[in-house]
Each structure stands twice: as C-alpha cells, then as structure tokens.
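Fold and contact review
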Amino acid sequence: MSETKTTIELTDEFLLGNYGRFPVVFSRGEGGYIFDEEGNKVLDFATGIAVCSLGHCPPVMQKALTEQGGKLIHCSNLYHIREQAELGQFVVEKMLKRPGKVFFCNSGAEANDGLIKLARKRAYDKFGPETTKRDVVTCKQSFHGRTLGGIAATGQDKVKIGFDPLLPGFLHVPFNDPEALREAVSENTAAILFEPVQGEGGIHSASPEFMAMADQLREEYDLLLMFDEVQCGSGRTGDWCGWRTVLEHSDVSVEPDAVSWAKGFGGGFPIGAIWASDDCAGAMGPGTHGSTFGGTPLASAVSLAVLEEIESCGALANVKRQEARIREAVASWNCPLIESLRGVGLMLGFVLNKEAIARVPGFSDSGQTPALFVVNKVMEQKMLTVPAGADVVRWLPRLDVPDAEIDEALTVFRGVLDGLAAL
Ligand SMILES: Cc1ncc(COP(=O)(O)O)c(C=O)c1O
C-alpha cells in the first residue's frame with residue numbers, strides 16, 4: 001500500500017511551485033470562520049483576498065448551487081442563457097445604473113484583457129485600421145492580473161521578469177499624479193485604466209484630482225476611461241461602484257466608459273465580468289471576443305444569488321457601519337507599530353511603522369517584509385489577514401460581517417501588535 005502523504009507533501013510533489021504558500025491546509029469554512037485540517041477555528045479577514053463576500057458557504061450560495069446544479073450547469077454561448085442575461089440586467093440596472101452591455105468571463109485578469117481588447121477595437125472602429133491609437137495608460141504599483149495582457153498592464157516590474165516579449169502599448173504613470181497622467185496621454189492613447197482603490201499595491205484610493213484629470217483627458221483625446229474594480233468592486237467599498245465611494249466626499253463626479261470585476265462578484269464561485277457603456281459596447285460585435293466558460297448558467301445563477309443577497313441583507317450599509325466602528329476603535333489605540341489606517345469600506349490597510357517593526361526582536365532574522373511578519377504573527381493567534389505590498393496589512397472581512405467578528409478582530413490584532421511592541 002502506498003504511503004499516505006500530507007497535503008503539503010502532495011503539493012510539493014505534484015503542483016507547480018508558483019505560489020508561496022503558508023504552511024496550513026484549510027478544509028472547511030462557515031460564515032466568517034475557516035477551519036484547518038487539525039480542526040483549528042480561524043477568523044477569516046482575508047476571505048480569499050476579497051472573494052468570499054458573504055463569508056464561507058453562505059446558505060444562498062448553497063441553494064443556488066444545488067438548485068441550478070440540478071437544472072443546467074453548462075450551456076454554450078452559442079445559445080441564449082437566461083441566468084446570464086438576468087445577471088447582466090442586475091449589473092446594468094442595480095450596480096451601474098447606466099445603460100451599457102455586459103460580458104462574462106472567469107477571472108479578473110481575463111476581464112482586464114477584455115477591457116484592453118475593447119479599447120483597441122473601439123479605436124480601430126472609430127479611427128480606422130491605420131490608427132495609432134493603441135496605447136493603454138495604467139498606473140505604477142497597480143495590479144491587473146497574470147495573463148500576458150494583465151502583466152503588461154500591471155505597473156510592477158516583479159510580475160514581468162522573464163516573460164519578455166511583453167504585449168506592447170502600455171505606459172505607467174505614478175498613481176494620483178495628475179500632471180504625469182497628462183504627460184503620458186497623447187493621440188496614441190486608446191484608454192486610461194486604473195483601480196479606483198489599488199489593492200495589491202498597498203491600499204491607495206484614487207484622489208479626486210487624479211480622477212478629474214482622467215475624465216478631462218478622456219474628453220480631450222477621445223479615449224476610454226476604464227476602471228479595474230476586480231478587488232474594490234462588488235460592494236467592498238460600501239457602494240456597488242468603488243469609484244463612487246472614492247469620490248463620495250468630493251465635488252468631483254466621474255463615470256467610466258468600462259469596468260471590470262471578478263473576486264467578490266461570485267462570492268467564491270469563479271466568474272469575471274466587464275461592463276461597457278452603450279457608447280463603446282458596439283465595438284465588441286459577433287466574433288470579436290468570447291469564452292467557453294464565460295457566464296455559464298451555474299456561474300451566473302450563483303453570482304446573481306450572491307449579489308442579490310448583498311443588496312437585500314443590507315451588506316452595503318453594513319460595510320460603511322463596520323468601517324466606522326473599526327476607524328473609531330483604531331483611533332483610540334496608542335500603538336507604535338501602526339502608522340495609519342487607510343482604504344475605504346471593508347478594504348482597509350494598516351500601514352506599519354517600519355522603524356518600530358525593525359526594533360521588534362526576531363523581525364530582522366525572519367527575512368520577511370514587515371507586513372508578512374505581522375500577518376504571520378496574527379495567524380498564530382488564529383486570524384487571517386493579507387499583506388498589501390511590503391508595509392501594509394489588509395483587512396478584507398466578509399461584507400455582512402457582524403459586530404462580534406469585528407470586535408474579535410480588533411482584540412486579536414491589537415493584542416498581537418501590543419505584544420510585539422512590548423518584546
Ligand atoms: C485589481 C485587480 N485586478 C485584477 C486581478 C486579477 O484577478 P484574477 O486573479 O482573478 O485574475 C486582481 C487580483 O488580485 C486585482 O486585485
């Protein structure tokens with residue numbers, strides 16, 4: 001009989017080594033908690049990196065999975081799919097509240113590839129086959145996914161190393177630098193693409209000035225303004241549209257030509273989507289784009305159930321309420337390891353004080369970034385968080401997180417930081 005191997009041994013032997021994984025195996029989840037193979041109960045404020053919008057295995061998802069799973073799981077896009085059309089209606093009428101058309105795919109990177117194709121095709125149709133309007137301007141420290149289009153769009157060198165030749169036609173400007181954006185945009189620009197709240201880059205919200213400049217350049221150069229809401233969308237900021245939250249307290253109002261989503265859009269079921277305004281959606285006519293698995297009856301039914309539940313259970317208001325509670329609690333802490341708290345809604349980043357962390361015994365020998373060091377320490381206390389860049393620890397709890405889980409997280413997190421500061 002062959003020897004029974006642990007999950008970690010099987011992973012090392014049979015899976016590509018492309019992920020740096022924490023040495024833990026989770027086998028069950030319920031609500032805001034996830035349980036490892038040893039039975040440890042862990043408070044999940046990582047949610048699969050902003051994926052499990054309603055926590056683990058919510059009843060609405062189980063119901064949609066079993067009901068649709070017993071009816072029709074897959075059907076080619078050669079035919080009309082009722083669940084897909086209804087999901088498109090939800091995106092247009094409830095989320096955007098603006099006329100437009102939706103396309104479904106399977107991931108965030110794929111959704112962004114769709115946006116890039118949309119921008120180029122729209123310029124080709126509008127300005128003719130000889131047009132030089134092919135460039136997409138994106139931001140430094142952005143993250144747009146791991147496909148060839150995604151890594152070309154991403155403004156971080158580390159994702160590109162070794163993958164030359166990259167897809168040409170991308171320019172990267174410092175995030176929130178309106179003048180740099182103006183400098184980079186030209187007649188060759190087909191689109192500006194950025195995250196209204198940068199996630200992987202360290203939880204940075206777009207400034208109203210940057211948004212306003214992007215909007216102005218859109219008019220001047222007849223280009224598309226496209227938002228990557230893969231991480232900050234689907235209700236995470238307390239509004240269906242992250243860019244509206246970011247601009248909430250300013251006198252700037254900007255609406256994009258196209259948007260991408262994934263992650264929380266399916267609550268844990270893989271699905272991605274793009275929306276294009278009616279002004280540009282016509283560029284993607286028959287034969288221009290497609291995906292075998294994009295918007296299957298099962299994916300669409302589950303995603304719709306998740307989004308409808310977010311709307312009907314008051315999760316958007318809960319996001320704002322819990323953000324306020326967290327901010328109020330953290331403001332009363334006197335914690336030398338934390339420099340600031342930034343972000344919006346339940347996409348929050350604790351910015352660590354590098355000098356203070358450097359003084360913590362064991363930190364320098366760990367070989368870890370400050371964020372990873374703290375995430376590991378918090379994990380030892382049975383709570384999951386996620387690094388965002390080298391110095392920021394992200395909280396991404398479920399959107400319907402109850403007071404008790406927020407209170408528990410505040411206690412655990414503060415306890416870890418105070419403990420480290422006292423060493
Ligand atoms: C803003 C943003 N865009 C795109 C992606 C890529 O999404 P996926 O991993 O589903 O391809 C991510 C993933 O972290 C993201 O945060």
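Note that the structure is a prediction, hence the values are computed from the model and not measured. (Residues numbered from 1 in each chain as written. Predicted model: local features only at pLDDT ≥ 70, side-chain atom pairs only at ≥ 80, totals over all residues.)

Let's shift gears to the overall build of the chain. If you tally the helices and strands in the chain, you get 15 helices and 17 strands. For the chain, the C-alpha radius of gyration of 22 Å lies close to 22 Å, the compact-globule estimate for 423 residues. When burial is assessed residue by residue, the chain has 49% of its 423 residues classed as buried. (Helix = DSSP H or I, 4+ residues; strand = E, 2+ residues; numbered from the N terminus. Rg over C-alpha atoms; globule rule 2.2 N^0.38 Å. Buried ≥ 20, exposed ≤ 12 C-beta atoms within 10 Å, placed from the backbone.)

Taking strand neighbours across the sheet as the criterion, the four strands line up as E1-E2-E3-E15 in an open arrangement whose pairing is mixed. Two strands bound the open sheet, and with one partner strand each, they are strand E1 (26-30) and strand E15 (383-384). The pairing of strand E3 (residues 41-44) with E15 spans two bridges and is parallel. In the sheet register, Asp 44 faces E15, and the bridge partner there is Leu 384. Where helix H15 (residues 403-422) meets the sheet, it contacts E3 and E15, and its direction lies at approximately 100° from that of E3. (Pairing = 2+ DSSP bridges. Contact = placed C-beta atoms within 7 Å. Axes fitted to C-alpha atoms, helices over the stretch in contact; angles between N-to-C directions.)

Let's shift gears to the nonpolar core. Of all hydrophobic cores here, the largest spans 118 residues; its most connected members are Ala 119, Ile 192, Met 226, Ala 258, Ala 273, Ile 274 and Leu 352. Of the residues forming this core, the biggest block, nine residues, is contributed by helix H10 (residues 297-312). Looking at which domains feed residues into this core, each of domain 1 (7-57 + 314-422) and domain 2 (72-312) supplies at least three. The residues touching Ala 273, leaving out its near neighbours within four places in the chain, are Val 91, Val 102, Phe 103, Phe 104, Ala 111, Trp 261 and Phe 265. (Core = buried A, V, L, I, M, F, W, Y, C linked by C-beta atoms within 7 Å. Domains from an automatic or database assignment.)

Turning our attention to the domain arrangement of the chain. Domain annotation of the chain identifies domain 1 (7-57 + 314-422) and domain 2 (72-312). Computed over C-alpha atoms only, the centres of domain 1 and domain 2 are separated by 27 Å. Secondary structure elements with two or more residues in the side of domain 1 that touches domain 2: helix H2 (47-50), helix H11 (315-331), strand E13 (338-344), strand E14 (347-352) and strand E17 (392-395). When grouped by side-chain class, the residues that make up the side of domain 1 that touches domain 2 number 15 nonpolar, six polar and four charged. (Nonpolar A, V, L, I, M, F, W, Y, C, P; charged D, E, K, R; others polar.)

Attention shifts here to the pairing of E13. With six bridges connecting them, E13 and E14 associate as antiparallel partners. In the strand pairing of E14, Ser 340 is matched with Val 351. Where E13 folds back onto E14 in an antiparallel hairpin, the turn is made up of two residues, including Gly 345, whose phi is positive at roughly 60°.

A few words now on the site of the ligand. Every one of the 15 residues lining the ligand counts as a neighbour, but Ser 107, Gly 108, Ala 109, Gly 145 and Val 230 are closest to it. At three residues, helix H5 (residues 108-127) tops the list of elements feeding residues into the shell around the ligand. (Near = placed C-beta within 6 Å.)

This part takes up the pairing of strand E12 (residues 272-277). Along E12, five of the six residues are buried, which leaves the element largely enclosed by surrounding structure. Pairing geometry for strand E4 (residues 100-105) and E12, over six bridges, is antiparallel. From the neighbouring strand, Lys 101 faces E12, where its bridge partner is Ala 276. Here strand E11 (residues 258-261) pairs with E12 via four bridges, running antiparallel. Considered in E12, the bridge of Ala 258 is made with Ala 276.

Moving on: the sheet that holds E14. Judged by pairing direction, the sheet is antiparallel, and its four strands sit side by side in the order E13-E14-E17-E16 without closing on themselves. This sheet does not close on itself; its edge strands, each paired only once, are E13 and strand E16 (386-388). This sheet shows a mean twist of 30° between the axes of neighbouring strands, independent of strand direction. Across four bridges, E14 lies against E17 in antiparallel orientation. Looking at the pairing, Val 351 lines up with Val 392 of E17. Running over the sheet, helix H14 (residues 370-380) touches E14, E16 and E17 and is turned about 170° from E16.

H10 packs onto helix H3 (residues 59-69) with a crossing angle of 150° between their chain directions and a minimal axis gap of 9 Å. With respect to their mutual orientation, H3 and H10 come out roughly antiparallel. Handedness of the H3/H10 crossing: right-handed. Taken together, the residues of H10 that come into contact with H3 (itself represented by Val 60, Met 61, Ala 64, Leu 65, Gln 68 and Gly 69) are Pro 297, Leu 298, Ala 301, Val 302, Ala 305, Val 306 and Glu 309. Looking at the contact of H3 with H10, its residues break down into ten nonpolar, two polar and one charged. (Parallel < 35°, antiparallel > 145°, perpendicular 65-115°, else oblique. Left-handed = near helix turned anticlockwise from the far one by under 90°.)

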